[in-house]
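# Examining the three-dimensional arrangement
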Amino acid sequence: MSTDSMDGGEANTRPKIEVTEDAAEQALSLLEGEDLDVTEAGLRLFVQQGGCAGLSYGMRFDDEPDEDDTIYEHHDLRVFVDPASLKYIEGSVLDYEDGLQAEGFHVDNPNVVSECGCGESFRT
């Protein structure tokens with residue numbers, strides 16, 4: 001299990017995943033609402049087969065990371081990414097949008113070469 005934080009460490013030698021402050025605040029609020037320990041639990045970000053473009057993002061809360069997860073910490077939020085998903089989402093930024101047209105978490109992924117019309121699935 002490897003870890004990363006805003007203050008450096010292994011961050012220069014492995015893929016990066018960033019989390020905006022807004023996204024971290026929203027996720028931490030939801031974690032606390034589920035009565036999860038934010039010092040151990042975290043947001044799992046993963047890629048799964050599905051959607052008209054072939055791949056889609058998934059997110060859920062986990063009590064703790066799996067042994068082979070890469071763990072990122074940004075703004076006190078722990079993010080768990082499994083090895084298979086990491087190759088599709090390295091370099092991504094997790095953000096939270098709050099507006100008239102859309103509200104929720106959004107992944108800005110530099111590896112995407114095309115997305116479906118609804119924006120729910122992608123291809124790298």
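Residues numbered from 1 in each chain as written. Predicted model: local features only at pLDDT ≥ 70, side-chain atom pairs only at ≥ 80, totals over all residues. Heavy atoms only, no water.

Under the annotation held in an unreviewed UniProt entry, the chain carries the name Iron-sulfur cluster assembly accessory protein and is attributed to Natrinema longum.

### Concerning a negative patch on the surface
On the surface, Glu21, Asp22, Glu25, Asp98 and Glu103 cluster together into a patch of negative charge. In terms of residue count, the dominant contributor to the negative patch is helix α1 (residues 21-33) (three residues). On the secondary structure map, Asp98 appears in strand β7 (residues 93-98). Under the relative-accessibility criterion, Asp98 is labelled exposed at 64%. (Patch = residues over 30% accessible without salt bridge, like charges linked within 9 Å, V, L, I, M, F, W, Y side chains within 5 Å. Areas by Shrake-Rupley, 256 points an atom, 1.4 Å probe, with all protein chains shown as cover. Salt bridge = Lys/Arg side-chain N within 4 Å of Asp/Glu carboxyl O. Lys, Arg positive; Asp, Glu negative; His and termini not counted. Charge placed at Lys NZ, Arg CZ, Asp CG, Glu CD. Helix = DSSP H or I, 4+ residues; strand = E, 2+ residues; numbered from the N terminus. Buried < 20%, exposed > 50% of the residue type's maximum accessible area, 1.4 Å probe, protein only.)

### Some details on the environment of Arg78
Tracing the backbone shows Arg78 in strand β6 (residues 77-81). Judged by its relative accessible area of 12%, Arg78 falls in the buried class. When residues no more than four places from it in sequence are discounted, the contact partners of Arg78 are Val38, Thr39, Glu40, Ala41, Gly42, Leu43, Pro65, Ile71, Tyr72 and Glu73. A distance of 3.2 Å separates a polar atom in the side chain of Arg78 from the backbone oxygen of Glu40. (Contact = heavy atoms within 4.5 Å. Polar contact = N/O pair within 3.5 Å; in protein donor to acceptor, adjacent residues only side chain to side chain.)

### Here we look at the pattern of salt bridges
Counted under the stated rule, the structure contains six salt bridges. Between Arg78 and Glu73 there is a salt bridge, with its nearest N and O atoms 4.0 Å apart. On the basis of relative accessible area, Glu73 is assigned to the partly exposed category, the value being 32%. When salt bridges with common partners are traced through the structure, they connect Arg44, Arg60, Asp62, Asp66 and Asp69 into a single cluster.

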